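The chain contents come next:
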Amino acid sequence: MILIDGKKLAQEMRVEIKSGVEKFKLERQRDIGLAVVLVGENPASQVYVRNKIKACEEVGIKSYAEYLPADSTEECVVELVKRLADDKNIDGILVQLPLPKHLDADRILKLVPTEKDVDGFSEENTGKLCMGKDCLVACTPNGVMKMLERYGVETRGKKAVIVGRSNIVGKPMAMLLLNADATVTVCHSKTANLKEECLRADILVSAIGKAKFITADMVKEGATVIDVGMNRDENGKLCGDVDFEAVKDKCAYITPVPGGVGPMTITMLMYNTLQAASRR
Ligand code: NAP
């Protein structure tokens, strides 16, 4: 079994991104800017935003943290995002989700121009991904693809099974694997024979959000198992969707939680911001 070390890979990629940022600055004589919009005081969101700003500092991207109070009016948030959309110093805009309930998240996200949509969540970027066109790709599934590439996991002609069909993980993951010539099955909570589907997977990606849900009897001998889940176990310890200890010896490759997919996600945000800047 080979452990896919997301922490190490993310660090290596940050070094590469940093040199890409330095090269960009020399050639274009300007900074790369990422605006992070946070409305309200959701503690988890505050941690995510802090980590994103820290990652920017690490790779030399200039961050613009835009904090608004939880009771901000929709017009106030709309004005801010419009201003950032027009600002030539800003290459990427990230609106931290979830937004407070009184705000129309869909309307606000639609104001982020496609070329600044570094989360890759927009309808335009999602559509381009489906059509196999060049675009900004959602960070978590794109991070998974980088892991597979860097560890030399073959996708062409392989059977990939994804458990989870969310717009931010499961669906873009399916498109990326399909674009990489895998034969893809997407499973969800209404899938009839989940165990049988999973057992067919050469590459099994779990993005469910249920602690230790994928058990050893669901994994084929020699499979690659990618665990996107971030959950707490019965002792409050961070764990994935996969019962790692039971599954690991059956796998050719497996990602741990923590230290797997998680560290790649913010790194891919830095990657996307550099991409967005380079295209402008
Ligand atoms: P989500 O929007 O809640 O989607 C969960 C998906 O899992 C849904 O499609 C759901 O099916 C499916 N599902 C739920 N129970 C199931 C079951 N018993 N059998 C089969 N499928 C089942 O979650 P998400 O945003 O995609 O996130 C998934 C997990 O990844 C969470 O733990 C989240 O914290 C984690 N995550 C991690 C990162 C990272 O950077 N590591 C990033 C994003 C998310 P239905 O569609 O039928 O309801």
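Once a new chain begins, its residue numbering starts again from 1 and follows that chain's sequence as written. Thresholds applied to this predicted model are a pLDDT of at least 70 for local features of residues and 80 or more for the giving and counting of side-chain atom pairs; totals over whole chains, interfaces and linings are not thresholded and use all residues. Side-chain metrics rest on all non-hydrogen atoms present in the structure, leaving aside hydrogens and water.

1. Thoughts on the pattern of salt bridges
Defined as follows: Here, a salt bridge means any Lys or Arg side-chain nitrogen found within 4 Å of an Asp or Glu carboxyl oxygen. Runs of H or I in DSSP of at least four residues are treated as helices and runs of E of at least two as strands, each being numbered from the N terminus. Exposure is judged per residue with a 1.4 Å probe applied to protein chains only, and the accessible area is read against the type maximum: over 50% gives exposed, under 20% gives buried, and values in between give partly exposed.
Within the structure shown, the criterion is met by 19 salt bridges. Residue Lys-23 is joined to Glu-27 by a salt bridge in which the shortest nitrogen-to-oxygen separation is 3.6 Å. Taken together, the positions of Lys-23 and Glu-27, both in helix α1 (residues 6–28) and four residues apart, correspond to about one turn of that helix. The exposed category is assigned to Lys-23, whose relative accessible area is 52%. Of the charged contacts, one joins Asp-106 and Lys-110 as a salt bridge, the two residues approaching to 3.4 Å between their closest N and O atoms. The class for Asp-106 is partly exposed, based on a relative accessible area of 47%. Looking at Lys-110, the relative accessible area reads 52%, which means it is exposed. One network of salt bridges, in which partners are shared, links Arg-30, Asp-91 and Arg-280.

2. Digging into the packing of helix α6 (residues 139–150) against helix α7 (residues 170–179)
Quick reminder of the rule: Note on definitions: angles span 0 to 180 degrees between N-to-C directions of axes, and those axes are lines fitted to C-alpha atoms, for helices only across the stretch in contact. Handedness of a helix crossing follows the sense of rotation of the near helix relative to the far helix, less than a right angle counterclockwise being left-handed and clockwise being right-handed. Note on contacts: a residue pair qualifies if any of its non-hydrogen atoms lie within 4.5 Å across the two residues. Any residue outside Ala, Val, Leu, Ile, Met, Phe, Trp, Tyr, Cys, Pro, Asp, Glu, Lys and Arg is labelled polar, Gly included; the first ten of those are nonpolar and the last four are charged.
Orientation of α6 relative to α7, taken along the N-to-C sense of each, is 35°, at an axis distance of 9 Å. Here α6 runs over α7; the crossing is right-handed. Counted together, Pro-141, Asn-142, Val-144, Met-145 and Leu-148 of α6 and Pro-172, Met-173, Leu-176 and Leu-177 of α7 form the full contact between these two elements. Across the contact of α6 with α7, the residue classes break down as eight nonpolar, one polar and no charged.

3. A short note on the state of the cysteines
Here a disulfide denotes one covalent bond, and it connects the sulfur atoms of two cysteines. Here is the rule we go by: Working definition: a disulfide is two cysteine sulfur atoms within 2.5 Å of each other.
Applying the stated rule across the entire model yields zero disulfides. With no disulfide of its own, Cys-56 has Cys-139 as its nearest cysteine by sulfur position, at a separation of 11 Å. The class of Cys-56 is buried, set by a relative accessible area of 0%.

4. A look at the pairing of strand β6 (residues 183–187)
In summary, the side chains of a regular strand alternate between the two faces of the sheet. For clarity, the threshold we go by: The pairing criterion is simple: DSSP has to find at least two bridges between the two strands. By convention a crossover is right-handed if, when the strands point away from the viewer, the path from the first strand over the helix to the second runs clockwise.
Relative to β6, strand β5 (residues 159–163) runs parallel, the two sharing five bridges. Residue pairing in the sheet places Val-161 in a bridge with Thr-185 of β6. Handedness of the crossover joining β5 and β6 through α7 is recorded here as right-handed.

5. Observations concerning unusual backbone geometry
In this structure, the amide linkage connecting Leu-97 to the following residue, Pro-98, adopts the cis form with an omega of 0°. Checked against the element boundaries, Pro-98 lands in the loop between β4 (92–95) and α4 (105–109). Following Val-257, the chain continues into Pro-258 via a peptide bond in cis, with omega recorded as 0°. As for its position among the elements, Pro-258 is in the loop between β11 (251–254) and α10 (261–279). Despite not being glycine, Gln-29 shows a phi value in the positive range, around 55°. As for its position among the elements, Gln-29 is in the loop between α1 and β2 (33–39). The residue Lys-212 is not glycine, and still its phi comes out positive at about 50°. Within the secondary structure layout, Lys-212 lies in the loop between β7 (203–206) and β8 (223–227). Among the residues examined, Lys-212 registers a relative accessible area of 35% and is labelled partly exposed.

6. Concerning the site of the ligand
Definition in use: The nearness test applies per residue and asks whether one of its heavy atoms lies within 4 Å of the molecule or strand. A 3.5 Å cut-off defines polar contacts: any pair of N or O atoms within that distance qualifies, except that in protein one atom must be a possible hydrogen donor and the other a possible acceptor, and neighbouring residues in sequence count only when both atoms are side-chain atoms. All accessible-area figures derive from a Shrake-Rupley calculation using a 1.4 Å probe, and residue coverage is judged against the displayed protein chains alone.
Surrounding the ligand, one finds 22 residues, the nearest of these being Arg-165, Ser-166, Ser-189, Met-230 and Thr-265. The backbone of Val-228 places a nitrogen or oxygen atom 3.5 Å from an oxygen atom of the ligand. A distance of 2.7 Å separates an oxygen atom of the ligand from a polar side-chain atom of Thr-265. Alone, the ligand offers 930 Å² of accessible surface; in the complex the protein occludes 72% of this. Counting residues per element, the shell around the ligand draws most heavily on α10, at three residues.

These figures come from the coordinates and say nothing about function on their own.
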